[in-house]
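If you want the building blocks of each chain, they are given just below.
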Amino acid sequence: MSVPARRCSIGVLPFAAVLPVALSLAAPTAAPFGASNAADTASTATPSPHAAPSPLATIARLGGPATVAVEGLHAFSLAAPGLPAKHRRAFSVGNAFFRDNWVIAPASAEGRDGLGPLFNANSCSACHMEDGRGTVPLEGEVGLGVVVFLSPREADGEPHPTYGAQLHDQAIPGVEPEARLRLDPVTIPGRYSDGTSYELTRWDLAFENPAYGPLDDVRHSMRVGQQLVGVGLLEAIDDGTLLAMEDPDDRDGDGISGRAHRVVGADGTVGLGRFGWKASQPTLEAQVIAALHEDLGITSPTRPHEAATSVQSAALAAPSGGSPEIDDHKIGRLAHYCRVLAVPAQRRVGDLKVEQGRELFAATGCTACHVPELRTGANTPIEAFREVVIRPYTDLLLHDLGEGLADDRRDGEASGREWRTPPLWGLGLLKVVNPDARFLHDGRAATIEEAILWHGGEAEASRARFMQLDADERAALLAFLESL
Ligand code: HEC
Ligand code: HEC
């Protein structure tokens, strides 16, 4: 597949010679680090800067100028360094809207009432724990980190006539929650070429106590809330850059096609999808409007009616928190908050094992989709994010990852087998930020290694090469992924 012209800028590193990308001596983008960072941070986040090599190697700046040298619980919660004061203030306001619980209407909580009537969680942060990944409800809990999209069997991709587009497992008093989600584990044994055995687990979904009629013969797609670091940088990549990486008919014959997801966003934007596991929303505003509406039950100027179908009469009659329950200004603050979240720096850069893993990541073909380096365009309100080199390890394109990961439900133009390549920045910190974090779209993989073993379809050849590595090589590749 064709990759757009890359510009790799790199510091003075002993391992530079082994890097699989072309090198140039372009000057690194200067960004304030360490000390100045605390000032750019909302009061709720306690940064724990570690002793990073100084100056931080350019290649470790996964988020370019939006990189911060942090690890620990709050590693995903900092604003990009060097933002103007008005952007820092907007970040703090957005942060409060992101973390605080919405409450049932009517309530005195100024501008924070209107939760539900049907909903999944009462705050954004419930599903994006400390701005990281949501928790999978293994014991049937509610309000953790997943959503389940629904379609009737006979109308793939359409909302369910009775239950709507998303299962709501919580409701305000007087309204029945739609159903309880149950995950029944299925284990699948396997073996590496060197004889080492492993076991993978996925779930069969069951819907208990459906309150509005039968819910057995449906198409469904369970997704876990993602880490939000760097989403503003992904938004800043030009459409042209994504289109240049597409190869829908696999003209270069490498077995990997990849196509951009053309969508109409929840905010009405027609463009290329970037957000969500199937790249179904094109802008952060669109993602926020959709989350407010379906996940929290908060109406907005764009989505003025509650997410309830005509048969859910108690829900339709429930008191409202205002019409609409949130205005565009607050939606803008929430989108801004997500947009400027900083990316933690890569750790252990230069470590022999990590650098061997970096080579194996390219040699096994992972970089065909998890593209190490991209350049943003000029189309972003954040000046510092314009025309900069970032290392997201994604192409943001849809790929067919095979039957094993397919969920049999269309989402826009994405088929049940297609998934957006997820960015890998922050990967090694996911479990630091949320110890219950898991991998892949439905969190079925308990470890990074399991996530790789689930790859199929366009990634089948790459997975096969991984299977043939010996134990030391596998450990090196995993050490590299853990350093991201
Ligand atoms: C009930 C759980 C839940 C709640 C509550 C929730 N989200 Fe999400 N969020 C998700 C899931 C699941 C996805 C992936 C959606 C998909 O695959 O289409 C997601 C995706 C996102 C993304 C895109 C990330 C990426 O890398 O593409 C952003 C940004 C986001 N959410 C922001 C928010 C904001 C802001 C709120 C509050 C208004 C919120 N979310 C509330 C579960 C949730
Ligand atoms: C054909 C494109 C493609 C190739 C090649 C590929 N991946 Fe992926 N990768 C994806 C997609 C798409 C997903 C999301 C799948 C899902 O969630 O169901 C993914 C998910 C992952 C995840 C889980 C990320 C998360 O946030 O949970 C990891 C880790 C990963 N890939 C690593 C690798 C490694 C290592 C290789 C090489 C051995 C590789 N991938 C090769 C497309 C690819």
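In short, a report on the structure. (Residues numbered from 1 in each chain as written. Chains lettered and ligands numbered in written order. Predicted model: local features only at pLDDT ≥ 70, side-chain atom pairs only at ≥ 80, totals over all residues.)

What follows deals with the overall build of the protein chain. Helices and strands together make up the secondary structure of the protein chain, namely 13 helices and 14 strands. Considering the protein chain as a whole, with its 484 residues, one finds that 51% of them fall into the buried category. Here the analysis covers contacts within the protein chain between residues at least 6 apart in sequence; of these, 68% occur between residues at least 24 apart. (Helix = DSSP H or I, 4+ residues; strand = E, 2+ residues; numbered from the N terminus. Buried ≥ 20, exposed ≤ 12 C-beta atoms within 10 Å, placed from the backbone. Contact = placed C-beta atoms within 7 Å.)

On to the pairing of strand β9 (residues 270-273). Strand direction decides the pairing type here: strand β8 (residues 261-264) and β9, joined by four bridges, are antiparallel. Bridge pairing links Val 263 to Gly 271 in β9. Once β8 ends, the chain turns through five residues before running back antiparallel as β9, passing Gly 268 with a positive phi of about 90°. (Pairing = 2+ DSSP bridges.)

Cys 366, Cys 369, Phe 439, His 441 and Ala 459 are the nearest of the 27 residues found near ligand 2. Put simply, the parts of the chain that give the shell around ligand 2 at least two residues each are α11 (448-454) and α12 (460-468). The element that contributes the greatest number of residues to the shell around ligand 2 is α11, accounting for three residues. Across the shell around ligand 2, the residue classes tally to 18 nonpolar, eight polar and one charged. (Near = placed C-beta within 6 Å. Nonpolar A, V, L, I, M, F, W, Y, C, P; charged D, E, K, R; others polar.)

Counting 111 residues, the largest nonpolar core has Val 288, Leu 296, Leu 334, Cys 338, Leu 341 and Ala 342 as the members making the most contacts within it. When residues in this core are grouped by element, the largest group, eight residues, is from helix α6 (residues 284-296). Excluding anything up to four places from it in sequence, Leu 341 contacts Phe 76, Ala 79, Asp 131, Leu 228, Val 229 and Val 231. Listed in part, the 17 residues of the second largest apolar core include Val 148, Ala 179, Leu 183 and Val 224. (Core = buried A, V, L, I, M, F, W, Y, C linked by C-beta atoms within 7 Å.)

Around ligand 1 there are 31 residues in total, and Cys 124, Cys 127, Gly 225, Phe 275 and Gly 276 lie nearest to it. Counting only elements with at least two residues in the shell around ligand 1, the list comes to α3 (124-127), β3 (146-152), β7 (218-224), α6 and α8 (328-339). Classifying every residue of the shell around ligand 1 gives 19 nonpolar, nine polar and three charged.

An ideal rise of 1.5 Å per residue puts 16 Å on twelve residues; helix α13 (residues 471-482) measures up with 16 Å between its terminal C-alpha atoms. Buried residues of α13: Arg 474, Ala 476, Leu 477, Ala 479, Phe 480 and Leu 481, and no others. Buried residues belonging to α13 abut α9 (352-363) and α11. (Expected span 1.5 Å × (residues − 1).)

On to the packing of helix α2 (residues 85-99) against α8. Each pair of packed helices can be described by the angle between their axes along with the distance between the axes. As a packed pair, α2 and α8 sit with axes 8 Å apart at the nearest point and diverge in direction by 100°. Taken as axis vectors, α2 and α8 run roughly perpendicular relative to one another. Residue-level contacts link Ala 90, Phe 91, Val 93, Gly 94, Asn 95, Phe 97 and Phe 98 of α2 to Lys 330, Arg 333, Leu 334, His 336 and Tyr 337 of α8. Split by residue class, the contact of α2 with α8 holds seven nonpolar, three polar and two charged. (Axes fitted to C-alpha atoms, helices over the stretch in contact; angles between N-to-C directions. Parallel < 35°, antiparallel > 145°, perpendicular 65-115°, else oblique.)

For the pair α6 and α8, interaxial distance at closest approach is 9 Å and the crossing angle is 120°. In terms of orientation, α6 and α8 fall into the oblique class. In terms of crossing hand, the pair formed by α6 and α8 is right-handed. Contact residues: Leu 284, Glu 285, Val 288 and Ile 289 in α6; Ile 331, Leu 334, Ala 335, Cys 338 and Arg 339 in α8. In terms of residue class, the contact of α6 with α8 is built from seven nonpolar, no polar and two charged. (Left-handed = near helix turned anticlockwise from the far one by under 90°.)

What follows is about the pairing of strand β6 (residues 197-208). Judged from the twelve bridges that link them, strand β5 (residues 180-191) and β6 form a sheet pairing that is antiparallel. Note on β6: the bridge partner recorded for Thr 187 is Thr 201. The turn linking β5 back onto β6 is made up of five residues, and Gly 195 within it adopts a positive phi angle of 95°.

Looking now at the environment of Arg 420. Following the sequence through the fold, Arg 420 ends up in strand β14 (residues 418-420). Judged by the 25 C-beta atoms lying within 10 Å of it, Arg 420 is buried. For the pair Arg 420 and Asp 400, spaced 20 residues apart in sequence, the C-alpha to C-alpha distance is 9.1 Å.

With respect to the helices and strands, the residue Arg 386 is situated in the loop between β11 (374-375) and β12 (389-390). Between the C-alpha atom of Arg 386 and that of Ile 237, which follows or precedes it by 149 residues, the distance is 8.9 Å.

The next thing to look at is the environment of Leu 138. As for its position among the elements, Leu 138 is in the loop between α3 and β3. Taking the number of C-beta atoms within 10 Å as the measure of exposure, Leu 138 has 13 and is therefore partly exposed. Remark: the alpha-carbon pair of Leu 138 and Trp 203, spanning 65 residues in sequence, is separated by 9.7 Å.

Going from Ala 105 to Pro 106, the amide bond is cis rather than trans, its omega being -10°. With respect to the element layout, Pro 106 can be found in the loop between α2 and β2 (118-119). Looking along the chain, the bond that leaves Ser 323 and enters Pro 324 is cis, with omega of 0°. In this structure, Glu 130 takes a positive phi of about 50° despite not being glycine. One can find Glu 130 in the loop between α3 and β3. Given 19 C-beta atoms within a 10 Å radius, Glu 130 is considered partly exposed. One non-glycine residue, Asn 209, lies in the positive phi region at around 50°. Summarising the element assignment, Asn 209 is placed in the loop between β6 and β7. On the basis of neighbour count, Asn 209 is assigned to the exposed category, with 11 C-beta atoms found within 10 Å.

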